[in-house]
Amino acid sequence: MIPIDLPTIWAFIIAFAVFVYVVMDGFDLGLGILFPLFPKKEDRDVIMNSVAPVWDGNETWLVLGGGGLMAAFPLAYAVLMPALYTPMIVMLLGLVFRGVAFEFRWRTTRERNRWDIAFAGGSLLATLAQGIALGAILQGIHVSGRHYAGGWWDWLTPFSILTGVALVIGYALLGSTWLVMKTEGELRDRAYQLSWLLLVAMLCAIGIVSIATPFLHVQYTHRWFAWPNIILTAPVPVAVAAVTVMLLRSLANKYDYQPFFLTLALFALSYAGLGISMYPYIVPQSITIWQAASPANSQLFMLVGVAILIPLILGYTAWAYWVFRGKVKAGSGYH
Amino acid sequence: MFEGWDAVVLARAQFAFTMSFHIVFPAFSIGLASYLAVLEALWLWTGREVFINLFNYWLKIFAVAFGMGVVSGIVMSYQFGTNWSAFSDKTGPVIGPLMAYEVLTAFFLEAGFLGVMLFGLDRVGPKLHFFATLMVAVGTLISAFWILSANSWMQTPTGHALNAEGQFIAVDWFKVIFNPSFPYRLVHMVLAAYLTTALVVGAVGAWHLLRDPHLAGPRVMFSMAMWMATIVAPLQILAGDQHGLNTLEHQPVKIMAMEGHFQSHKDGAPLILFGWPNQAAGRMDYAIEVPKLGSLILKHSLDAPMAGLDTVPRENWPPVPITFWSFRIMVGMGLLMVGLGLLSLLMRFRGTLYNSRLLHMFAVAMAPSGFIAVLAGWITTETGRQPFTVYGLLRTVDSASPLAAPAVASSLIAFIIVYFVVFTAGVIYLLRLMAQPPHHGEEGPRSDVPARAAGITPAAGAVAEGAAR
């Protein structure tokens, strides 16, 4: 059904890189979004210390997503980036602010508050911009020849705002369940409460986006509801419901690890839904993965590296997480 | 606002601005990562406390600088698409894989081991920690390998062909990666990074020696840095000369601009030391020149003929004044570095390395010289290859994104404001860290957490590791 050729393999690799990015940087950005809700310095130190050793690796997946897209699907990269100009620039500036805050806030007492604001604001902006970019891609992009042919505000629509807000809620939920896993005491209790609220909000967001998406294009409707596609698409919402029930139970039972990983499962299902809507387009309704693909020798050259290096990268990344496993103690950082 | 502006000029300004801010940090962290690996190796080997103190001291500085390099680097990886989409579409199949390999072999390696390097000594023990430091250092060098290969291919493209869509495609990956200017550029840049770091380390050491010539840490770092300046600065001049000869072979027009050779010379070209390049009139005003020396340096013969810009169509001229002057700034910095190295050698033999105020003040003044030289060198090579992005094949004006001027102007202003706010703060924090001398029982990057036992040794590190569990 899905032909196995290089562009398809690469579409899955890029999708994988972006998903790993969402998994890893999602909670990381989510912590920034939740930062204003934890005004105590001790709590903030713990929150920062829970990701300080890994945030840089998390953001590297974003570089792989962008760099990989340029290498494997240069036409898509060349059309999408100018189309998403403003959200991309805002995302990059947001990431600058939050990235430097990790080190800067330890280097000053007087200005610490300023870098806490930079961390929170940068995380929020970057997430909002990513969500808006996603919505802007889904709603379609004006292409002429091999160029983006729209204006520089085309990305701004109610739908893209909706996906932007949805992603903020989603990352915040990842952040709060991460805190449940990595912290103790009062901070953890607070994270539980937040997780409840955010889960309800996230379910609403998934619902609204799911309802709105098929109305954007008749192709989406066809993809989800036409026979026999529905045999393959119907399990997605069913699985979402099942994961939701498990997630509610794990929160009610105050489990440590389950809420975070079940939230990731929720993200994976939403992401699969996105893939179902888009495939085989890389720029919806105008450029397919085959049209955008690099020549076979470019894709093959990189595939060798990916096949060898990605398992290795996942290995030592897992090791780094393992080194810093367990609860982060207040006041002691990782020492 | 900005409707009348040229979107391509704005995009070039934005790329130059963000790139110039970015390159400063990798240039520093490539050298510093290797220096940290050397310090930790010396600590493990000798067990002397001064080395772990210096390691922790520079590790804090590394953490801040590396963070700034990462965030300004992410900007670069997306800017190809946002502002140079036509370039990305056409060259993506060739340089995209090189950059993808940079991410896979270098960025992940650095990022994956950075956390352990910064915060993990107590958790993994000294041996494994040293391995992490080594991986970060190796990662920075691998990163230099790939990105300089990509840049060099844009300067001296080989091993490619064009497909029906007008994209460059690779015919021979080996020729693409090891294109003619790559080995020279790689050596020149890695040496530059090592020198830049050595000059900063030396300046910090000298600064503290000026206050107290007996401090153990500053003495060690100053001595190490001055050895680097003594040995590497002359090597760098040699490498630069070879790189120049390579450029003469593959990008002669760039050399014409660097030398200010508007006119051709049939029997020996002069070396123009200084002058005012008049691009509009196509001549050098107020030139101070040494006859025939240009031919001697570039062709190793006094009477060798040299073609000038008068043999090149005007539309293919690079901006001569910028190329000419940035080259002179770089060379001037290089000569000062050689001077510092020689002076330090003299003082070393006289036994006054740690007491010579003159040498120390010279070293402090040279702190930014590496950064200035790196920036000036990159400005020379990037301006000198204009008006092309892929040399001789793809013009800069045909590389830009189809964006309206107001969009690019807004982002450029945003970058300028944000970078000045963020990186000024960062530089202040770095200077504040450097203003403190390294001391007994120096802590790692989290100085506000309760102190460990002072005077940690490799063996004590293992004990502390046990205690932490």
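Residues numbered from 1 in each chain as written. Chains lettered and ligands numbered in written order. Predicted model: local features only at pLDDT ≥ 70, side-chain atom pairs only at ≥ 80, totals over all residues.

### Here we look at the overall build of chain A
A tally of regular secondary structure across chain A gives 14 helices and 4 strands. In terms of C-alpha radius of gyration, chain A reaches 20 Å, essentially the compact-globule figure of 20 Å for 335 residues. Based on the C-alpha atoms only, the size of chain A along its principal axes is roughly 55 × 40 × 40 Å. For chain A, the residues scored as buried account for 53% of the 335 residues in total. A separation of at least 24 residues holds for 78% of the contacts in chain A among residues at least 6 apart in sequence. (Helix = DSSP H or I, 4+ residues; strand = E, 2+ residues; numbered from the N terminus. Rg over C-alpha atoms; globule rule 2.2 N^0.38 Å. Buried ≥ 20, exposed ≤ 12 C-beta atoms within 10 Å, placed from the backbone. Contact = placed C-beta atoms within 7 Å.)

### Here we look at the overall build of chain B
Across its full length, chain B carries 14 helices and 6 strands. In terms of principal-axis extent, the alpha carbons of chain B reach across some 70 × 55 × 45 Å. The proportion of buried residues among the 469 residues of chain B is 54%. Sequence-distant contacts, at least 24 apart, represent 75% of the contacts inside chain B between residues at least 6 apart.

### Things to note about the interface of chain A and chain B
Taken together, the 60 residues of chain A in the interface contact 62 residues of chain B. Breaking the side of chain A that touches chain B down by element, the ones donating at least two residues are helix H3 (55–72), helix H4 (74–83), helix H5 (85–104), strand S2 (147–148) and helix H14 (296–323) of chain A. No other element matches H5(A), which puts 13 residues into the side of chain A that touches chain B. Looking at side-chain class alone, the side of chain A that touches chain B contains 39 nonpolar, 16 polar and 5 charged residues. (Nonpolar A, V, L, I, M, F, W, Y, C, P; charged D, E, K, R; others polar.)

### Quick look at the nonpolar core
Within the largest apolar cluster, 254 residues are counted, with the highest numbers of intra-cluster contacts made by Ala76(A), Leu36(B) and Trp58(B). If near-sequence neighbours (up to four positions away) are discounted, Trp58(B) is found in contact with Leu32(B), Tyr35(B), Leu36(B) and Leu39(B). (Core = buried A, V, L, I, M, F, W, Y, C linked by C-beta atoms within 7 Å.)

### Side note on the packing of helix H6 (residues 182–211) of chain B against helix H12 (residues 369–384) of chain B
Each packed pair of helices is defined by two parameters, the angle between the axes and the distance between the axes. All names here are of chain B. In contact at an axis separation of 7 Å, H6 and H12 are set at 155 degrees when each is read in the N-to-C sense. It follows from the interaxial angle that H6 and H12 lie roughly antiparallel. Together, Ala-192, Leu-195, Thr-196, Leu-199 and Val-200 of H6 and Ser-369, Gly-370, Phe-371, Ala-373, Val-374 and Gly-377 of H12 make up the contact between the two elements. (Axes fitted to C-alpha atoms, helices over the stretch in contact; angles between N-to-C directions. Parallel < 35°, antiparallel > 145°, perpendicular 65-115°, else oblique.)

### Looking at the packing of H3(A) against helix H2 (residues 49–83) of chain B
Following both chains from N to C, one finds H3(A) and H2(B) inclined at 15 degrees, their axes separated by 9 Å at the closest point. One finds that H3(A) runs roughly parallel with respect to H2(B). In the crossing of H3(A) with H2(B), the sense of the turn from one axis to the other is left-handed. In this structure, H3(A) contributes Asp56(A), Glu59(A), Leu62(A), Val63(A), Gly66(A), Gly67(A) and Met70(A) to the contact, and H2(B) contributes Val70(B), Ile74(B), Ser77(B), Tyr78(B), Phe80(B) and Gly81(B). Grouping the amino acids of the contact of H3(A) with H2(B) by side-chain chemistry returns 7 nonpolar, 4 polar and 2 charged. (Left-handed = near helix turned anticlockwise from the far one by under 90°.)

### Quick look at the environment of Val220(B)
Residue and element names in this part refer to chain B. One can find Val-220 in helix H7 (residues 216–250). Considering only alpha carbons, one finds Val-220 and Val-136, 84 residues apart in sequence, at a separation of 23 Å. In contact with Val-220, other than residues within four places in its own chain, are Val-50 and Leu-54.

### With respect to the pairing of strand S3 (residues 271–278) of chain B
Residues and elements named next belong to chain B. When S3 meets strand S4 (residues 283–290), the two strands line up antiparallel, connected through 6 bridges. Following the sheet pairing, Phe-274 is matched in S4 by Ile-288. Counting the residues that bridge the hairpin from S3 to S4 gives 4 residues, and of these Gly-282 lies at a positive phi of roughly 70 degrees. (Pairing = 2+ DSSP bridges.)

### With respect to unusual backbone geometry
Look at the link from Tyr279(A) to Pro280(A): it is a cis peptide, with omega at 0 degrees. By the secondary structure assignment, Pro280(A) is in the loop between helix H12 (258–278) and strand S3 (281–283). Omega for the peptide link from Gln386(B) to Pro387(B) comes to 5 degrees, which places this bond in the cis form. If you trace the backbone, Pro387(B) turns up in the loop between H12 and strand S5 (388–390). Although it is not a glycine, Lys254(A) adopts a positive phi angle of roughly 55 degrees. Within the fold, Lys254(A) resides in the loop between helix H11 (235–252) and H12. By the C-beta count within 10 Å, which is 12 here, Lys254(A) ends up exposed. A positive phi is found at His300(B), a non-glycine position, where the angle reads about 60 degrees. Here His300(B) lies in the loop between helix H9 (293–299) and helix H10 (320–350).

### Some remarks on the environment of Gly341(B)
Relative to the elements of secondary structure, Gly341(B) occurs in helix H10. The residues touching Gly341(B), leaving out its near neighbours within four places in the chain, are Met226(B), Ala229(B), Thr230(B) and Ala233(B).

### Observations concerning helix H6 (residues 112–138) of chain A
All names here are of chain A. Compared with the 39 Å implied by 1.5 Å per residue over 27 residues, the 39 Å span of H6 between its first and last C-alpha is a close match. In terms of residue burial, H6 counts as a mostly covered element, since 22 of its 27 residues are buried. Just past H6, the residue Gly-140 takes up positive phi, approximately 105 degrees. (Expected span 1.5 Å × (residues − 1).)

### A word on the confidence of the model for chain B
All names here are of chain B. On average, residues of chain B score 88 in pLDDT, and 94% of them reach the 70 mark or higher. Element-level pLDDT for chain B is lowest in helix H14 (residues 458–468), with a mean of 39, against a maximum mean of 95 in H6. For the stretch residues 447–469, pLDDT sits under 50, and the model shows 35 contacts to residues farther than four places along the chain or on other chains. Predicted complex metrics record ipTM = 0.88 and pTM = 0.89. (pLDDT = per-residue confidence, 0-100.)

### Here's the deal with the environment of Gly444(B)
Relative to the assigned elements, Gly444(B) resides in the loop between helix H13 (405–435) and H14. With 325 residues separating them in the primary sequence, Gly444(B) and Phe119(B) have C-alpha atoms 7.5 Å apart.

### Points about H13(B)
Along its 31 residues, H13(B) runs 44 Å from first to last C-alpha, staying within 8% of the 45 Å computed at 1.5 Å per residue. For H13(B), the full list of buried residues reads Ala407(B), Val408(B), Ala409(B), Ser411(B), Leu412(B), Phe415(B), Tyr419(B), Val422(B), Gly426(B), Tyr429(B) and Met434(B). For H13(B), the elements touching its buried residues are H5 of chain A together with helix H1 (7–46), H2 and H6 of chain B.

### A few points about the confidence of the model for chain A
Put simply, chain A has an average pLDDT of 87, and 97% of its residues get 70 or more. The element-level mean pLDDT for chain A is lowest in helix H9 (residues 218–225) of chain A, coming to 78, with helix H7 (residues 158–182) of chain A highest at 93.

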